[in-house]
Amino acid sequence: MDTSTLKGLYRDMWLIRAFEQGLEREFEQGNVPGMLHTGLGQEATQAALAAHLEATDAFFPDHRCHGINALAQHRHGGNGERIMAELFGRATGVCSGKGGSLHSADPTVGNFGDNAVEGSYMATVLGVALAAKMRGEPNVACAIIGDGTVGRGEFHESLNMAAIWDLPVLYACVNNGYAISMPVGEGHATADIVELAKGYGIANQQVDGNDIVEAWTAVGDAVGRIRSGEGPYFLEFKTWRWQGIFAGEFRPEAEVKYWREERDPIMLAAEALAKRGATPAELDAIEAETRDLIEEWISFAKDSPAPDPAKATADVYAGWEVAAR
Amino acid sequence: MTVAADKPRRTARTPRKGKDRVRKTSFTQALNGALDLAMEKHDEMFLIGEDIAEMGGDFGVTKGLLAKYGAERVRDTPLSEAAIIGTCAGAAMVGMRPVAEIMFADFIAECYDQVVNNVAKLHYMFDGQFTAPLVIRTACGGGFGGGPHHSQSIEGWFLNVPGIVIAAPSNPVDAKGLLLASIDSDDPVLFLEHKALYRSRAEVPPEYYTTPLGKASIAREGRDVTVVAAMRMVPMALEAAETAAADGISVEVVDLRTIRPYDATTVLASASKTGRVVVANEAPRIGGLGAELSARISEECFAQLRGPVVRVDGLDTPIPFSVPLENIVLPDSDNIAVAIKAAAQY
Ligand SMILES: Cc1ncc(C[n+]2csc(CCOP(=O)(O)OP(=O)(O)O)c2C)c(N)n1
Ligand SMILES: [Mg+2]
């Protein structure tokens with residue numbers, strides 16, 4: 001990886017972190033409704049995925065993917081602030097505020113939307129991939145899932161069907177060690193999810209999800225293989241989320257300390273860049289720029305109006321109107 | 001073109017049975033013809049389900065389509081109901097027009113999440129950015145000794161789900177027209193095929209035509225009592241109407257044809273006209289279609305009603321295997337005839 005690519009990814013990671021931290025602050029102040037799951041600690045995995053997905057591809061983001069959604073929106077649409085506005089439930093959001101954190105979508109940038117029933121889009125992704133294959137398009141359909149999703153029947157139905165039909169699906173399993181409080185090794189027959197992909201005969205790789213160079217290289221390789229018609233590919237990113245559970249932190253103190261202080265993906269990338277000659281001032285400037293940008297997005301969201309009341313009953317059906325109260 | 005429902009009632013001019021079979025088309029054949037015409041019309045359409053390709057499906061509805069359209073567009077799957085519907089949803093999101101077969105409606109429980117939380121909400125929750133132009137065909141209903149997992153009426157499972165359309169034909173002509181309309185529709189359609197109707201026959205126009213979704217038909221005109229029904233309850237209601245006619249009661253039968261969104265205009269107009277209403281429904285009573293219709297009619301036609309709306313439903317039980325027991329549980333034309341008499345008292 002050349003240094004300018006690494007610098008670009010470093011900026012992307014900061015954009016994700018600044019986004020999530022800004023959002024957390026606003027959430028705590030009561031400005032963001034609903035529930036909040038952040039991608040903090042998983043920035044390398046997310047930036048690596050976002051870097052290789054084109055607007056013509058389709059990705060299904062999971063509940064921690066505000067960062068990927070914002071990067072796709074920023075890069076392919078030039079309007080990352082619309083993801084922020086969606087999380088605030090405003091008219092200027094990508095779904096006019098009807099989707100929120102767990103259902104932000106914009107197919108024009110490749111974002112096919114989260115489904116808050118975890119793992120259900122493991123089935124949906126098959127159809128997008130099948131359509132691409134039937135039409136002879138070189139597009140990738142990507143499902144970004146947590147380790148918890150492995151327990152769902154659809155996980156297995158999906159891998160099986162993608163395998164028998166050689167579908168262009170990229171499975172990106174973000175194994176952060178826990179599903180809420182359930183450790184991955186207790187919830188599943190194996191703590192190494194790639195073992196399951198092997199059982200279905202799907203090409204796979206286990207990746208250090210906190211190492212941006214390794215993650216970016218692996219995603220690029222997988223996407224290239226899928227585009228050239230080699231069928232599905234399964235990537236497992238070993239990583240760790242900073243967010244505990246709603247009730248607070250439940251993981252051992254030493255584990256928390258290790259991941260936050262020694263395995264922070266942004267810190268690791270900064271070290272790699274420093275080795276390549278980047279100055280602390282240069283790196284600080286990248287952080288400051290992204291934080292400023294996110295503050296602009298937050299202001300945009302806060303200044304945006306609530307959705308038109310007519311939206312409440314709009315689009316239930318394509319062919320029928322639903323009566324207002 | 002819209003074609004009125006063929007009345008199963010036999011007249012002096014109806015040809016004898018032998019000839020009848022030569023000229024008339026079965027419900028199954030009508031569906032098969034509709035799929036064939038739609039596959040020709042829509043390049044982006046494909047069929048997906050278990051054993052639908054070479055075998056033509058458990059009921060033969062997709063017979064011959066593999067040979068004509070090939071394995072890319074007529075796709076057999078493993079026993080993966082959630083993946084079948086998920087595949088349809090994803091393909092529909094990018095402009096394909098899939099038609100799935102879920103072998104027995106009872107198995108829809110396996111993909112209930114996909115239908116309810118994904119397919120039905122796609123258009124709304126993403127602010128109209130996606131449509132879900134897919135059809136889920138499935139064989140429902142009892143009356144053949146199929147037992148608890150092959151006999152259920154499942155429309156009630158979806159009545160409370162905004163975003164889904166439920167088509168429910170009662171005869172071969174509507175079966176074809178409604179299926180073609182469902183495939184054309186940009187909304188997701190749950191298409192219910194009552195198993196007891198597969199062998200029913202009628203003169204079905206060979207050409208392409210649609211029967212509009214969301215529009216009921218008057219299967220029989222009458223003055224005294226309205227019976228609202230769908231699917232297999234329609235021929236039963238028509239039979240009961242004959243019985244009532246012998247007693248001097250003139251019965252109007254409304255065939256809903258689409259259960260959701262249903263044609264309230266036609267239902268309420270007929271209820272207002274006769275002032276006496278029976279709603280007939282094969283599924284268990286509580287929380288079912290009959291409950292909704294009864295409530296709506298009572299609420300909106302109160303001034304015109306001469307008596308309470310009378311409901312005919314299945315009993316509040318699972319469907320037993322033994323045919324004599326099943327006959328106790330499921331409603332029939334005699335039950336409807338009794339209900340018509342009860343309504344006519346007022
Ligand atoms: C089908 C389903 N079951 C349960 C939940 C509630 N839930 C939300 S997130 C979550 C854990 C998901 O864990 P994982 O996939 O590992 O993602 P992580 O939060 O660790 O990133 C659960 C159980 C859900 N949303 N959907
Ligand atoms: Mg997890």
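(A) Quick peek at the sheet that holds strand S2 (residues 45-49) of chain B. Residues and elements named next belong to chain B. As summarised here, the arrangement of the seven strands in space is S3-S2-S4-S5-S7-S6-S12, forming an open sheet in which the pairing is mixed. What marks the edges here is a single partner per strand, and that holds for strand S3 (74-76) and strand S12 (258-260). Direction aside, neighbouring strands of the sheet carry axes that sit 20° apart on average. With two bridges connecting them, strand S6 (residues 165-167) and S12 associate as antiparallel partners. Within S12, the residue paired with isoleucine 166 across the bridge is arginine 260. Along the sheet face, helix H2 (residues 27-41) touches S2, S3, strand S4 (97-104), strand S5 (135-140) and strand S7 (189-194) and points at about 135° away from the line of S2.

(B) Focus on the pattern of salt bridges. For the structure on display, the rule yields 35 salt bridges over all chains. As a salt-bridge pair, A:Lys238 and A:Glu236 come within 3.2 Å of each other at their nearest N and O atoms. Its relative accessible area of 0% is what places A:Glu236 among the buried residues. Residue B:Glu193 pairs with B:Arg137 through a salt bridge whose shortest N-O separation is 2.6 Å. Placement of B:Glu193 in strand S7 and of B:Arg137 in strand S5 is noted, with a sequence separation of 56 residues between them.

(C) Spatial organisation of unusual backbone geometry. Backbone torsion omega between B:Arg260 and B:Pro261 reads -10°, so that peptide bond is classified as cis. One can find B:Pro261 in the loop between S12 and helix H10 (264-274). Positive phi outside glycine occurs at A:Ser96, with the angle close to 55°. Within the secondary structure, A:Ser96 is located in the loop between helix H4 (81-87) and helix H5 (121-135).

(D) How the structure looks around the interface of chain B and chain A. Contacts between the two partners involve 47 residues from chain B, matched on the other side by 42 residues from chain A. Of all residues in chain B, the largest losses of buried area upon contact with chain A belong to B:Tyr124, B:Asp127 and B:Gln129, amounting jointly to 18% of the total for that side. One can count two salt bridges joining chain B with chain A. Inspection of the region where chain B meets chain A yields 19 residue pairs in polar contact (both at pLDDT 80 or more). Listed by contribution, the elements that provide at least two residues to the side of chain B that touches chain A are S2, S3, helix H4 (81-93), helix H5 (112-118) and helix H6 (122-125) of chain B. Of all the elements, H4(B) adds the most residues to the side of chain B that touches chain A, at ten residues. In the side of chain B that touches chain A, the residues fall into 22 nonpolar, 15 polar and ten charged.

(E) Representation of the packing of helix H2 (residues 43-52) of chain A against helix H3 (residues 66-77) of chain A within the structure. Residues and elements named next belong to chain A. Their axes nearest at 9 Å, the elements H2 and H3 cross at an angle of 35°. The two elements H2 and H3 meet at a crossing, and its hand is right-handed. Residues Gln46, Ala47, Leu49, Ala50 and Ala51 of H2 form the contact with H3, whose own contacting residues are Gly67, Ile68, Leu71 and Arg75. Along the lines of polarity and charge, the residues of the contact of H2 with H3 split into six nonpolar, two polar and one charged.

(F) Local environment of the site of ligand 1. Residue and element names in this part refer to chain A. Around ligand 1, the surrounding shell holds 15 residues, and the nearest of these are His63, Arg64, Ala116, Gly148 and Tyr178. Between ligand 1 and arginine 64 there is a distance of 2.7 Å, counted from an oxygen atom to a side-chain nitrogen or oxygen. Starting from 580 Å² of accessible surface for ligand 1 in isolation, the protein chains cover 72%.

(G) Representation of the pairing of S7(B) within the structure. All names here are of chain B. Within S7, six of the six residues are buried, which leaves the element mostly enclosed by the surrounding structure. Side chains of S7 alternate between two faces, with Val189, Phe191 and Glu193 and Leu190, Leu192 and His194 buried alike. Alignment of S5 against S7, held across six bridges, turns out to be parallel. By the bridge assignment for S7, cysteine 140 is matched with histidine 194. As paired elements, S6 and S7 share three bridges and run parallel to each other. Counterpart to valine 165 in the pairing with S7 is valine 189. Following the backbone out of S6, through helix H8 (residues 172-184) and into the adjacent parallel S7, one traces a crossover that is right-handed.

Analysis parameters
- Residues numbered from 1 in each chain as written.
- Chains lettered and ligands numbered in written order.
- Predicted model: local features only at pLDDT ≥ 70, side-chain atom pairs only at ≥ 80, totals over all residues.
- Heavy atoms only, no water.
- Pairing = 2+ DSSP bridges.
- Helix = DSSP H or I, 4+ residues; strand = E, 2+ residues; numbered from the N terminus.
- Axes fitted to C-alpha atoms, helices over the stretch in contact; angles between N-to-C directions.
- Contact = heavy atoms within 4.5 Å.
- Salt bridge = Lys/Arg side-chain N within 4 Å of Asp/Glu carboxyl O.
- Buried < 20%, exposed > 50% of the residue type's maximum accessible area, 1.4 Å probe, protein only.
- Buried area = accessible area lost by both parts, 1.4 Å probe.
- Polar contact = N/O pair within 3.5 Å; in protein donor to acceptor, adjacent residues only side chain to side chain.
- Nonpolar A, V, L, I, M, F, W, Y, C, P; charged D, E, K, R; others polar.
- Left-handed = near helix turned anticlockwise from the far one by under 90°.
- Near = heavy atom within 4 Å.
- Areas by Shrake-Rupley, 256 points an atom, 1.4 Å probe, with all protein chains shown as cover.
- Right-handed = clockwise from strand over helix to strand, strands pointing away.

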